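# Descriptive analysis of the structure
So you can see what is in the structure, the chains are spelled out below.
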Amino acid sequence: MGQVQFMRNLIIETPSVPGNFAKVAKAIGELEGDMGDIQTIKVGTLTTIRDIAISCSNEAHLLKIVDAVNAIGGGISVHAVTDDVLQAHEGGKIHMKGRMEIRSLGDLRRVYTPGVANVCEVIKNDPDQARYFTGISNSVAIVTDGTAILGLGNIGPVAGMPVMEGKAVLFDQFAGISGVPILLDTSDPDQVVETVKHIHKGFGGILLEDIGSPHCFEIEERLKAELSIPVMHDDQHGTAVVTLASVISACQQSGVELADSVVGQIGLGAAGLAISRMLMEYGVKEMRGVDRNEEARNRLADHGGSVVDSVEELMETCDIIVATTGVAGLIKPEMVRKGQIILALSNPNAEITPEDALAAGAAFAADGRLVNNILGFPGIFRGALNANAKEITYPMLIAAAQAIVESTKPGDLVPHPLDPNVHQNVAAAVERVANS
Ligand SMILES: NC(=O)C1=CN([C@@H]2O[C@H](COP(=O)(O)OP(=O)(O)OC[C@H]3O[C@@H](n4cnc5c(N)ncnc54)[C@H](O)[C@@H]3O)[C@@H](O)[C@H]2O)C=CC1
Ligand SMILES: CC(=O)C(=O)O
Ligand SMILES: [Mg+2]
């Protein structure tokens, strides 16, 4: 199958006779539709109705699949096409909920006035008590200016809100952290820094998300210097941690020495520069990079990497390739060299699909659905908040990467994101380093 841009659900009716579902699955499979969740909605004496999630390339591809299912005949038909992803977003994905229920006047007086005034006094007299008597130390602001939402570009903070709500859901589920999206109506570094400084007192940490380069570098550096709570730009360091982990695992499994490998980074923006820096920090001696933007190329050179002239040259000369350009299909199968490790991490669509990279001879290949900062940021912040850390340091990030490697099953590049152990292990490793 090509790039997955399109996820829809088909509501399909079949006569209730064994073998009919297999016919439907065959028709979908023959057209390279990728079936996901299957739900049986109704089993009647005569007919059965199922809701089948399908991933495909685009609307035209979906229509071909619908036609093919309708053409099976024998009473098999597509009743409707629904958009479950859109429906799942109705009303938003997050909701601020109280941890106390108010069932009596006594509860009301404890939770709110007059009782709450006493807690205010306690904190006024000793501000450190806010750590125990408010949710501040368990809350992280998810701050975006909307300038680099996934690989969709500068689509603005409101259009980026579904991503920020998604990050909040992940924070909650994997780390028990309250993630609060903050949408900034400015991308001017001075204004971003000032705004975050003015709101930071309500949070135990700041996650900068989908803020484009180059202003993301200045914003993060200034906030790290000026605030005494953990600040991390996820697209830089969350991604770099998970990429380092997957590269270590791939090298271990293929008997390659990472330090002696030539690593090539395509796209030297927020994610790409941070990945290059982390790999060099970890010991990669030969780090090469390419970007269409001259300033981005210069930044790699300033950090000790070497710049090459084209994607083709990079592909030809490197053992390990990481791509974070946001450009789907940038790596052509004919550019792939036998035995290469290829991580094409752009979302929602990769520079090359893992299937195409493997078919072209790559030893390991993955995309941004697998190698994703989801494996890093929840545990990194959990560990930092547990340790009451004032910042997130390189040793904490390297420890997070090592914890991901240790949580990876043999044969895999990274752990499954729904494996709660990985988030717990990352948190424990980060907390340990922060406390050392
Ligand atoms: N899998 C994951 O966990 C993550 C994936 N990403 C993905 O990485 C991509 C980039 O994200 P950011 O680094 O935040 O964006 P960015 O805008 O900071 O960087 C993109 C860089 O790619 C360069 N570029 C674009 N087209 C190019 C081409 N044809 N040849 C060479 N260079 C080119 C740009 O000049 C820019 O420097 C996005 O698609 C995003 O979804 C980002 C963070 C995490
Ligand atoms: C995963 C992520 O943060 C991104 O694609 O921007
Ligand atoms: Mg992002």
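Under the annotation held in an unreviewed UniProt entry, the protein carries the name NAD-dependent malic enzyme and is attributed to Sporosarcina soli. In its Sequence similarities (unreviewed entry) section, the UniProt record describing the protein reads: "Belongs to the malic enzymes family."

### Some words on the overall build of the protein
Across its full length, the protein carries 17 helices and 14 strands. Taken against the 2.2 N^0.38 rule, which gives 22 Å for 436 residues, the C-alpha radius of gyration of the protein at 24 Å falls within 12% of a compact globule. Out of the 436 residues in the protein, the part that is buried amounts to 49%. Within the protein, contacts between residues at least 6 apart in sequence are counted, and of these 67% link residues at least 24 apart. Of the roughly 20,700 Å² of accessible surface on the protein, 52% is carried by carbon and sulfur atoms. In the protein, 33 side chains carry a positive charge and 54 a negative one; their mean positions are 7 Å apart.

### Some points on the site of ligand 1
Close contacts around ligand 1 come from 25 residues, with Ser 213, Ala 270, Ala 271, Asp 291 and Asn 373 the closest. Here an oxygen atom of ligand 1 and a side-chain polar atom of Ser 213 are 2.7 Å apart. For ligand 1, a nitrogen atom lies 3.3 Å from a polar atom in the backbone of Arg 292. Split into classes, the residues belonging to the shell around ligand 1 amount to eight nonpolar, 14 polar and three charged.

### So, the nonpolar core
Within soluble globular proteins, side chains that are nonpolar tend to cluster in buried spots. Among the nonpolar cores identified, the biggest contains 87 residues, and Ile 206, Leu 258 and Ile 380 are the most heavily contacted of them. A total of ten residues in this core trace back to one element, the largest contributor, which is helix H16 (residues 394-406). Excluding residues within four positions of it along the chain, Ile 380 makes contact with Met 232, Val 241, Ile 392, Leu 397, Ala 400, Val 426 and Val 430. Among the nonpolar cores identified, the runner-up in size contains 20 residues, and Val 262, Ile 266, Ala 350 and Ala 365 belong to it.

### Examining the site of ligand 2
Around ligand 2, the structure places Leu 150, Lys 167, Glu 209, Asp 210, Asp 235, Asn 347, Asn 372 and Asn 373. Interatomic distance of 3.1 Å between a side-chain N/O atom of Glu 209 and an oxygen atom of ligand 2. Asp 235 is positioned with one of its side-chain polar atoms (N or O) 3.0 Å from an oxygen atom of ligand 2. By residue class, the composition of the shell around ligand 2 is one nonpolar, three polar and four charged.

### Observations regarding the layout of surface pockets
Taken as a whole, the second largest pocket spans an internal volume of roughly 1,100 Å³. If you trace the second largest pocket, you find 29 residues lining it, with Met 96, Lys 97, Arg 99, Gly 135 and Ser 178 closest to the centre. When residues of the lining of the second largest pocket are traced back to their parent elements, those giving at least two are helix H4 (105-111), helix H5 (115-125), helix H6 (130-133), helix H7 (161-175) and strand S6 (178-183). Per-element accounting of the lining of the second largest pocket gives the leading share, four residues, to S6.

### Observations concerning the UniProt feature "domain: ACT" (unreviewed entry) in the protein
Those residues carrying the UniProt feature "domain: ACT" (unreviewed entry) are residues 9-83 in this numbering. End C-alpha to end C-alpha, residues 9-83 measures 6 Å, and it is 31% helix and 44% strand.

### Some remarks on the sheet that holds strand S10 (residues 286-290)
Strand pairing in a sheet relies on backbone hydrogen bonds, with the paired strands running either antiparallel or parallel. Overall, parallel pairing links the six strands, which are arranged S11-S10-S9-S12-S13-S14 in an open sheet. Looking at which strands have only one partner, the edges of the open sheet turn out to be strand S11 (306-307) and strand S14 (364-367). Alignment of strand S13 (residues 341-344) against S14, held across four bridges, turns out to be parallel. Note on S14: the bridge partner recorded for Ile 342 is Ala 365. The sheet strands contacting helix H11 (residues 270-282) are strand S9 (262-266), S10 and strand S12 (320-323), and the helix crosses S9 at an angle near 165 degrees.

### Some points on the side chain of Ser 261
As for its position among the elements, Ser 261 is in the loop between helix H10 (234-254) and S9. Reaching out from Ser 261, the side chain makes a polar contact with the backbone oxygen of Glu 257 at a distance of 2.9 Å. Those residues in contact with Ser 261 that lie beyond four places of it in its chain are Val 256, Val 284, Glu 286, Asp 319 and Ile 320.

### As for a nonpolar patch on the surface
Together, Met 100, Ile 102, Leu 105, Leu 108, Val 111 and Tyr 112 line one region of the surface with nonpolar side chains, adding up to about 580 Å² of accessible area. Examined against the element boundaries, Tyr 112 turns out to sit in the loop between H4 and H5. The exposure class of Tyr 112 is exposed, given its relative accessible area of 53%.

### What about helix H8 (residues 189-199)?
Within H8, burial applies to Pro 189, Val 192, Val 193 and Val 196. Angularly, the buried residues of H8 cover 95 degrees about the axis, an arc narrow enough to put them on a single face. Residues of H8 that are buried in the fold lie against strand S5 (139-144), strand S7 (205-208) and helix H9 (215-226).

### Details of the coordination of the magnesium ion (ligand 3)
At this site the magnesium ion (ligand 3) is bound by Glu 209 (OE), Asp 210 (OD) and Asp 235 (OD), with donor distances of 2.0 to 2.1 Å. Between the donor residues of the magnesium ion (ligand 3), the gaps in sequence give the motif E-D-x24-D. Asp 210 carries the same exposure label as Glu 209, and that label is buried.

So, how was this worked out
- Residues numbered from 1 in each chain as written.
- Chains lettered and ligands numbered in written order.
- Predicted model: local features only at pLDDT ≥ 70, side-chain atom pairs only at ≥ 80, totals over all residues.
- Heavy atoms only, no water.
- UniProt positions renumbered as here; feature names shortened; annotations may be inferred.
- Helix = DSSP H or I, 4+ residues; strand = E, 2+ residues; numbered from the N terminus.
- Rg over C-alpha atoms; globule rule 2.2 N^0.38 Å.
- Buried < 20%, exposed > 50% of the residue type's maximum accessible area, 1.4 Å probe, protein only.
- Contact = heavy atoms within 4.5 Å.
- Areas by Shrake-Rupley, 256 points an atom, 1.4 Å probe, with all protein chains shown as cover.
- Lys, Arg positive; Asp, Glu negative; His and termini not counted.
- Charge placed at Lys NZ, Arg CZ, Asp CG, Glu CD.
- Near = heavy atom within 4 Å.
- Polar contact = N/O pair within 3.5 Å; in protein donor to acceptor, adjacent residues only side chain to side chain.
- Nonpolar A, V, L, I, M, F, W, Y, C, P; charged D, E, K, R; others polar.
- Core = buried A, V, L, I, M, F, W, Y, C linked by side-chain atoms within 4.5 Å.
- 1 Å grid on protein atoms, 1.4 Å probe; cavity = no way out; pocket = protein on both sides within 12 Å on 5 of 7 lines; lining within 4 Å.
- Points joined across faces, edges and corners; volume = space filled by probe spheres on them.
- Pairing = 2+ DSSP bridges.
- Axes fitted to C-alpha atoms, helices over the stretch in contact; angles between N-to-C directions.
- Patch = residues over 30% accessible without salt bridge, like charges linked within 9 Å, V, L, I, M, F, W, Y side chains within 5 Å.
- Salt bridge = Lys/Arg side-chain N within 4 Å of Asp/Glu carboxyl O.
- Arc of directions from axis to C-beta.
- Donors = N, O, S within 2.8 Å, 3.2 Å for Na, K, Ca; no water.

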